[in-house]
Amino acid sequence: MTVVEDRPMGAETGADLAPARRAMIDSQLRVSGVNDPAILAAFAAIPREDFVPAERRAVAYADRAVPLGDGTVLAPALTHGQMLTAAEPEPADTVLVIGKPGAYLAAVVGRLVGSVTLAAPGATVEGGPYSLILIDGAIEVAPAALVAALADDGRVVTGLIERGVARLAIGRKVAGEIAFASLGEADFAALADYAAPKKWSF
């Protein structure tokens with residue numbers, strides 16, 4: 001797995017949070033339709049507490065976004081579970097995860113596919129084409145560079161802001177364009193790098 005940009009935080013502090021991880025899977029993911037055994041096993045294998053500051057380890061498994069102290073948040077586990085359920089990752093997939101932080105989602109999907117690259121929002125995308133792009137946040141537009149990085153018939157799973165509301169969405173690249181379908185409201189943080197251009201009004 002190739003990981004660019006982020007590194008886990010807080011891994012040096014040592015309380016055993018495995019029971020909280022199991023509770024997250026049983027009380028947040030399973031009951032909300034995230035039931036694929038491989039996806040659940042990936043969540044079970046990755047210590048979410050290693051991806052938050054040490055002082056926030058105790059709330060790493062809360063059913064909400066976790067502030068990371070730098071203006072970013074770790075999305076709720078359910079949001080990531082919904083993304084992976086929609087994406088249906090395959091072992092042969094080459095995956096680009098875009099996000100800041102993004103490293104937790106990259107680590108989880110890395111248990112399911114052969115190749116993962118992590119890049120910060122707005123950064124130059126290297127490699128590709130990718131069969132699957134996961135955007136760890138909500139976008140208003142997909143820039144041309146991102147479209148170019150996606151393989152033909154590849155898929156994108158992201159939060160998509162529609163009329164001010166973030167929704168889970170899946171898109172497919174057909175004839176050089178990505179067509180998105182909304183799947184329902186979800187808890188995504190907006191990514192400023194993918195905001196729509198401002199329109200003048202009089």
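Whatever comes next refers back to the structure up there.
Procedures and definitions
Residues numbered from 1 in each chain as written. Predicted model: local features only at pLDDT ≥ 70, side-chain atom pairs only at ≥ 80, totals over all residues. Heavy atoms only, no water. Core = buried A, V, L, I, M, F, W, Y, C linked by side-chain atoms within 4.5 Å. Buried < 20%, exposed > 50% of the residue type's maximum accessible area, 1.4 Å probe, protein only. Helix = DSSP H or I, 4+ residues; strand = E, 2+ residues; numbered from the N terminus. Contact = heavy atoms within 4.5 Å. Pairing = 2+ DSSP bridges. Salt bridge = Lys/Arg side-chain N within 4 Å of Asp/Glu carboxyl O. Axes fitted to C-alpha atoms, helices over the stretch in contact; angles between N-to-C directions. Left-handed = near helix turned anticlockwise from the far one by under 90°.

A separate point is the nonpolar core. Counting 44 residues, the largest nonpolar core has Leu 29, Phe 43, Leu 84, Val 97 and Leu 134 as its most contacted members. The set of elements that each furnish at least two residues to this core consists of helix H1 (18-29), helix H2 (37-45), helix H3 (77-87), strand S3 (94-98), helix H4 (103-109), strand S4 (115-119), strand S5 (130-139) and strand S7 (165-174). If you tally residues by element for this core, the top one is H4, at 7 residues. Setting aside chain neighbours within four positions, we find Leu 29 in contact with Met 24, Val 34, Leu 40, Phe 43, Ala 77 and Leu 78. In terms of nonpolar packing, the next biggest core, distinct from the first, is built from 17 residues, Ala 119, Ile 139, Val 147 and Tyr 194 among them.

Bridge analysis of strand S6 (residues 150-162) against S7 gives 8 bridges, and the strand direction is antiparallel. Each bridged residue has a counterpart across the sheet, and for Val 157 the counterpart in S7 is Ile 170. Looking at chain direction, S7 and strand S8 (residues 177-185) are connected through 8 bridges and run antiparallel. Its bridge partner lying in S8, Arg 172 is registered against Ala 179. Here S7 folds back onto S8, and the loop between the two strands holds 2 residues, one of which, Ala 175, carries a positive phi near 55°.

What follows covers the pattern of salt bridges. One pass over the full model with this rule turns up 7 salt bridges. Note that Arg 30 and Asp 26 form a salt bridge whose closest N and O atoms lie 3.0 Å from each other. The class for Arg 30 is partly exposed, based on a relative accessible area of 41%.

Between H1 and H2, whose axes approach to 9 Å, the crossing angle comes to 145°. Seen from above, H1 lies across H2 with right-handed handedness. Every residue of H2 that contacts H1 at Arg 21, Met 24, Ile 25 and Leu 29 is listed here: Leu 40, Phe 43 and Ala 44.

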